[in-house]
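# A closer look at the structure
Below are the chains, spelled out letter by letter.
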Amino acid sequence: MVFVFQKISDVENPSPIVARLGIQTADLVKWLEVPEETRDAIRKLYFFTLPQKLIHCRGLRNNIIEKMNEYISSVKLEGSNQSAQLPYIQGLDNFCHNFLYEFKNYVRDVISIINLVFGTKFIDGSDIVDLRKGGKSKVEIWAENNFGPDDHLTKMLSKEAEWAAEFIKARNAVEHPGGYSGTLTVTNVRRITAMGGAIVPPTWQRTGRPETDVLADMEVTLDNMLTFAEDLLAELVLKKPTSKGIEIYLIAEKERDPICPIRLKVGPNREILEKIEQMQQYAGKPG
């Protein structure tokens, strides 16, 4: 397959998204023991589909920040009293709803890599969580049945479900208000008179859940989305490696190349490294 790269956003290139879903994937996927057409499908997923959705989510968050900054800049002070201008971010509900929609589709696309590698039939982002009972998800049950409850992949999928569940439920609350996931209420920016006219950022709240900061939640989730995609690919490479002598290493953030900040790299496992070290020591001995 020939890939034609084109500008899909105004994100600077290379960004962490491009480096970690594109360049990093190119290195990881070549160690995955699958047919070449499957590798091509994974490359297409990670080079194009996932980055576009993640960049779109980040753009939605940035739109809220820009609107928030515009409002703050418009607030005028008159002596000791702030103007009576009502705070409001135009289109806030749409930004939030679209973020949740894109998030759910992104999770669906991430877990589709399991379908590519193992021939499973996961078709929905909700397959990563148990929405009604809060127990094990379809994906976790699959991993447990195939690799055991204590397997690293099984535990990882269980952990990912913990943060993903609330956003998937929030999206379902938008699609089906008053249903199993309740209703999502988005509250626009506020000025609290009792707090000296302090500006409170936008919040959202699902039925039965505490009110939380929209922008803070989105920021954490964007990082989780990126990490989820790369960690799942890494786990599958280790499940079906082309060589038993490899290991995937985490590059500390401060040690990443600022020009191409990849997070994961493939190298020889500890056993191979020990053998190499022993050979080097032996070669250095006098004859």
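Each chain carries its own residue numbering, running from 1 in the direction its sequence is written. For a predicted model such as this one, the threshold for reporting local features is a pLDDT of at least 70, and the threshold for listing and counting side-chain atom pairs is 80 or more; totals across whole chains, interfaces and linings nevertheless cover every residue. The side-chain numbers reported here are obtained from all heavy atoms of the structure, hydrogens and water having been left aside.

### A look at the overall build of the protein chain
Where we set the bar: Per the convention used, a helix needs a DSSP run of H or I reaching at least four residues, while a strand needs a run of E reaching at least two, with both numbered from the N terminus. Think of it in three bands: with a 1.4 Å probe and only protein chains considered, a residue is buried below 20% of the maximum accessible area for its type, exposed above 50%, and partly exposed in between. What makes two residues a contact is simply this: any of their non-hydrogen atoms within 4.5 Å. For the accessible areas, the method is Shrake-Rupley and the probe is 1.4 Å, while residue cover comes only from the protein chains on display.
Across its full length, the protein chain holds seven helices and nine strands. Among the 287 residues that make up the protein chain, the fraction classed as buried is 45%. Considering only contacts within the protein chain whose residues lie at least 6 apart along the sequence, 63% involve residues at least 24 apart. If you sum the accessible surface of the protein chain, you get close to 16000 Å²; carbon and sulfur atoms cover 52% of it.

### Some words on the packing of aromatic side chains
Each pair of aromatic rings is reported with the distance of its centres and the angle of its planes. Here is the rule we go by: Each Phe, Tyr or Trp ring, with Trp reduced to its six-membered ring, pairs with another whose centre is within 6.5 Å; inter-plane angles below 30 degrees give stacked pairs, above 60 give edge-to-face pairs, and intermediate values give tilted ones. Any Lys NZ or Arg CZ that is within 6 Å of a ring centre and within 35 degrees of that ring's normal is treated as a charge sitting over the ring.
Within this structure, the stated rule accounts for nine aromatic pairs. Seen from their ring centres, Trp163 and Phe228 are 6.3 Å apart, and the 80 degrees between their planes marks the pair as edge-to-face. One end of the pair, Trp163, is in helix α5 (residues 152-175); the other, Phe228, is in helix α6 (residues 214-239), with 65 residues separating them in the sequence. For the pair shown, Trp163 and Phe228 are each scored as buried. Measuring from ring centre to ring centre gives 5.7 Å for Phe167 and Trp204, while their planes differ by 85 degrees; the resulting arrangement is edge-to-face. Of the two residues, Phe167 is situated in helix α5 and Trp204 in strand β6 (residues 203-206); the sequence distance between them amounts to 37 residues. Comparing Phe167 with Trp204 shows no difference in burial state: the two are buried. Connected via pairs of aromatic rings, a cluster forms that spans Phe99, Phe103, Trp163, Phe167, Trp204 and Phe228. Directly above the ring of Phe147 sits Lys239, whose terminal nitrogen or CZ lies 5.0 Å from the centroid. Across from the ring centre of Phe118, 5.6 Å away, lies the NZ or CZ of Lys240, which sits over that ring.

### With respect to the side chain of Asn172
Relative to the helices and strands, Asn172 resides in helix α5. With relative accessibility at 11%, the residue Asn172 sits in the buried group.

### Let's talk about the sheet that holds β6
Keep this limit in mind: At least two DSSP bridges between two strands are needed for those strands to be called paired. Orientation is described by lines fitted to C-alpha atoms, with helices fitted over the stretch in contact, and by angles between N-to-C directions that extend from 0 to 180 degrees.
Spatial strand order, β3-β6-β7: three strands in an open sheet with antiparallel pairing. Strands at the two margins of the open sheet, each flanked by one partner only, are β3 (184-187) and β7 (212-213). Each of β3 and β6 is contacted by α5, which is oriented at about 85 degrees to β6, the strand it contacts most.

### Topic: the pattern of salt bridges
Basically, it comes down to this: Basic side-chain nitrogens of Lys or Arg form a salt bridge, by our definition, when they fall within 4 Å of a carboxyl oxygen of Asp or Glu.
Inspection of the entire model under this criterion finds 19 salt bridges. Among the ionic pairs, Glu175 bridges to Lys104, the shortest N-O distance being 3.8 Å. Note that Glu175 is positioned in helix α5 and Lys104 in helix α3 (residues 92-118), a separation of 71 residues in sequence. Residue class for Glu175 comes out partly exposed when judged on its relative accessible area of 34%. One continuous salt-bridge network, built from bridges that share partners, spans Arg20, Glu230, Asp231 and Arg263.

### Here we look at the pairing of β3
By the alternation rule, side chains of β3 split into Leu184 and Val186, which are all buried, and Thr185 and Thr187, of which none is buried. Note that β3 and β6 share four bridges and pair antiparallel. Paired with Leu184 across the two strands is Arg206, which belongs to β6.

### Structural notes on helix α2 (residues 36-74)
Rule in force here: Multiply 1.5 Å by the residue count of a helix minus one, and that product is the helix's expected span. By definition, a residue's bend is the angle between the axes fitted to the seven residues ending there and the seven starting there.
Taking 1.5 Å of rise per residue, 39 residues should cover 57 Å, and α2 covers 56 Å from first to last C-alpha, within 8% of that figure. Of all bends in α2, the biggest is about 35 degrees, found at Leu45.

### Some thoughts on the confidence of the model for the protein chain
We count it as follows: Per-residue confidence from the predictor is given as pLDDT, running between 0 and 100.
Per-residue pLDDT for the protein chain averages 86, and the proportion of residues at 70 or more is 83%. Confidence drops under pLDDT 50 across residues 1-14; counting only partners more than four residues distant or on other chains, this segment forms 14 contacts. Within the model, the stretch residues 77-81 combines pLDDT values under 50 with one contact to residues more than four positions away or in other chains.

### Some thoughts on the nonpolar core
Test applied: Take the buried residues of types Ala, Val, Leu, Ile, Met, Phe, Trp, Tyr and Cys, join any two whose side-chain atoms come within 4.5 Å, and each joined set is a nonpolar core.
Ranked by internal contacts, the top residues of the largest apolar core, which has 71 residues, are Leu21, Tyr46, Ile64, Ile113, Trp204, Phe228 and Leu232. Discounting residues that sit within four places of it in the chain, Tyr46 has contacts with Leu21, Gly22, Thr25, Pro51, Ile113, Ala229, Glu230 and Leu233.

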